[in-house]
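# Structural overview for review
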Amino acid sequence: YLNIRHRAPMAVSIVNGLAAEACLLIFTLICQHSNANNIAAAASTAEAPNRRFEYKYSFKGPHLSQADGSIPFWVHSGNAIPSADQVRITPSLRSQKGSVWTKSTVNFDNWEAEVTFRVSGRGRMGADGLAIWFTTAQGLDGPVYGAADNWNGIGIFFDSFDNDGKKNNPAVLVVGNNGKLVYDHPNDGTTQALGTCLRDFRNKPYPVRAKITYYKRTLTVLINNGFTPDKDDYEFCTKVDNMVIPQEGYFGISAATGGLADDHDVLSFLTFRLSEPGQELPPPEAEMPKQDKDKYQEEFENFQQDLDKKKEDYQKEHPDVQGQPIEDMYESVNDREIRQVFEGQNRIHLEIKQLHHQLAVILDEQRRYVSVATDEISKRQGESGGQVGQAPSQEMGAVVATQQEVLRNLNELRNSFYESLKQIGASQHQGNAVGMGTYETVQHFNDIKEHLHVVKKNIEHLITRTGNPSEKQVMNCPDPPPMPSCLGTTHFLVFVVIQSVLFFSYIMYKSQQEAAAKKFF
């Protein structure tokens, strides 16, 4: 018992000593780690290279291709299909190959390429893959992802098919070649890879991005896996130190399909020239060869001479515009919009005037029909006052009443057209009244539509009453004397045409008013 009591304080002191040493060791490691991070951050900040965008070695939407299907400063081959927003290197068909390459060589030592692409397919597995190249020659066609084998330079391969059956695909590989090696297809190039990483780049919700940097003989590959819309969310893939590549070469990107097929779409290829901090890059004009400079200068001088000659010829043909500012000879955007608005109003005004004239003609005919019917009724009432002619007299009275109602409706319709003409004329006299009077004019058109519906109902009623006589009238009443019918086929067709013209005029007027409102508001 005494031994235990003597040993217990000794054990406690040993535990306390070990705990203190452990705390001291952890604190030392934390300090060293923070110092290392600070040193690395300071070094990376101090050694960050300068970047300059090189447009002759880049392409990007939305106006990626020209009218003839070509890409400025690039050439495409095989099954590649350029469009306005992207370049489809290969479609999702079997045994397809395609590639795009820069037309001119890259002659700077350090560079960075940012490639945005999308690989999509319906199957769980895809084939064959996509490759990004920097080689001394354009590999327009070949067995290595659609490009030539035995290349001299570097290739970054996005392999989507597992040829060796080791279940190590999709993968990203960096393979160098001095022009003498043959690519190892059966082993997916793993025996020749200088660096590799496993990344699934197929069927992602957002485009996949690859940033390839060659700076001070070090090649670094960063991958944005396409899970988020963040363009700067890169992950480290691989790094190759002490790598020597050709001083001049072509950038390219190629793809191929096999038994399985994917769509390989490249959305952008952006190239940047890198330089050490404090080093001034020469201007782009200084890098242009003298032969190209002389060629472009000659083309510019020829163009300038042709332009001056055309100006002189135009001034000789049009002496009245000499000394007039060139801006006054062209119509501004505001003037064109105002002109279009007033032209639309003028067209509507002419259409309504024509309809107004047609209504006046119809009114005259209706008055003549009512006069003839009234005279006929008076004549029959004077000749026979018996019960035999009472039914025809009542029928003719109903016809006259209906005609008078139609005449009244047509008068109201004519008044509505007249009010619309007045409002359109008043709006045309106001320069800034594009949207004024719109509500009132629409109301008048609604009234016109209602009047037309009434006219249509009256016409249908007249047709029913004149086309379906009763048996009693047929048996007992004598045949009326020949006289013009209340409503002929010609007049009915005129009514239908007028209704159609009114409807289309209203639709055209409403669409023009909405377009004018969008332009000004």
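Just above, that's the structure.
What comes next is a walk through the structure. Per chain, residues are indexed from 1 in the order of the written sequence. Residues qualify for local features only when their pLDDT is at least 70, as the model is predicted, and side-chain atom pairs are given and counted only at 80 or more; totals for whole chains, interfaces and linings, by contrast, use all residues. The basis for the side-chain values is all heavy atoms of the structure; hydrogens and waters are excluded.

## Examining the packing of aromatic side chains
For clarity, the threshold we go by: Within 6.5 Å between ring centres, the rings of Phe, Tyr and Trp (the latter by its six-membered ring) count as paired, and their orientation is classed by plane angle as stacked under 30 degrees, edge-to-face over 60, tilted in between. The cut-offs for exposure are 20% and 50% of the maximum accessible area for each residue type, with area from a 1.4 Å probe on protein chains only; residues under the lower value are buried, those over the upper are exposed, and the others partly exposed. Remark: a charge is flagged as sitting over a ring if the NZ atom of Lys or the CZ atom of Arg is within 6 Å of the ring centre and within 35 degrees of the ring normal.
Throughout the structure, instances matching the rule amount to 21 aromatic pairs. Measuring from centroid to centroid gives 5.8 Å for Trp 151 and Phe 157, while their planes differ by 75°, and the two rings are edge-to-face. In this pair, the class of Trp 151 matches that of Phe 157, namely buried. Looking at Arg 51, its charged tip hangs above the ring of Phe 272, at a distance of 3.9 Å from the centre.

## Thoughts on the environment of Asn 409
Just so we agree on the cut-off: Labels follow the DSSP assignment, with helices taken as runs of H or I lasting at least four residues and strands as runs of E lasting at least two, numbered in each case from the N terminus.
The topology assignment puts Asn 409 in helix α5 (residues 390-428). As a C-alpha pair, Asn 409 and Leu 363 span 46 residues in sequence and 9.9 Å in three-dimensional space.

## Some remarks on the pattern of salt bridges
Pairs can form between side chains of opposite charge once their charged atoms are near each other. Note the threshold: Think of a salt bridge as a Lys or Arg side-chain nitrogen and an Asp or Glu carboxyl oxygen that are within 4 Å of each other.
By the definition in use, this model includes 10 salt bridges. Glu 235 serves as the salt-bridge partner of Arg 199, at 3.6 Å between the closest nitrogen and oxygen. Of this pair, Arg 199 sits in the loop between β11 (193-198) and β12 (208-215) while Glu 235 is found in strand β14 (residues 235-240), placing the two residues 36 residues apart along the sequence. Across the pair Asp 262 and Arg 202 runs a salt bridge, and its minimum N-O distance is 2.8 Å. Here Asp 262, found in the loop between β15 (250-256) and β16 (263-275), pairs with Arg 202, found in the loop between β11 and β12; they are 60 residues apart in sequence, far enough to count as distant. Taken individually, Asp 262 and Arg 202 each receive the classification buried, so the pair is uniform in this respect. Within the structure, one salt-bridge network assembled from shared partners comprises Arg 51, Glu 112, Glu 114 and Lys 211.

## Some thoughts on the state of the cysteines
This is how it is decided: Disulfides are defined as cysteine sulfur pairs within 2.5 Å.
Tallied over the entire structure, the rule returns 1 disulfide. The side chain of Cys 197 participates in a disulfide bridge whose partner is Cys 237; the two sulfur atoms lie 1.8 Å from each other. For the disulfide bridge between Cys 197 and Cys 237, the dihedral angle about the S-S bond is near -90°, and by the sign convention the bridge is left-handed. Of the two residues, Cys 197 sits in strand β11 while Cys 237 sits in strand β14, which places them 40 residues apart along the sequence. Judged by relative accessible area, Cys 237 falls into the buried class, the value being 8%.

## A word on the sheet that holds strand β3 (residues 74-78)
We apply this condition: A pair of strands counts as paired when DSSP detects no fewer than two bridges linking them. Here the axes come from fitting lines to C-alpha atoms, over the contacting stretch only for helices, and the angles between their N-to-C directions go from 0 to 180 degrees.
Taken in spatial order, the 7 strands line up as β3-β6-β15-β8-β9-β10-β11 in an open sheet, and their pairing is antiparallel. On the outer flanks of this sheet lie β3 and β11, each paired with one strand and no other. Neighbouring strand axes in the sheet, compared pairwise and without regard to direction, differ in orientation by 15° on average. Judged from the 5 bridges that link them, β3 and strand β6 (residues 97-102) form a sheet pairing that is antiparallel. Residue pairing for β6: Ser 77 is matched across the bridge by Ser 99.

## Focus: the nonpolar core
Basically, it comes down to this: Put simply, buried Ala, Val, Leu, Ile, Met, Phe, Trp, Tyr and Cys residues joined by side-chain atoms within 4.5 Å make one nonpolar core.
One finds Phe 59, Trp 111, Phe 117, Ile 132, Phe 158 and Leu 219 to be the most contacted residues of the largest nonpolar core, which totals 41 residues. With 5 residues, the top contributor of residues to this core is strand β7 (residues 111-120). Residues Trp 101, Ala 131, Trp 133 and Leu 173 belong to the second largest nonpolar core, which totals 13 residues.

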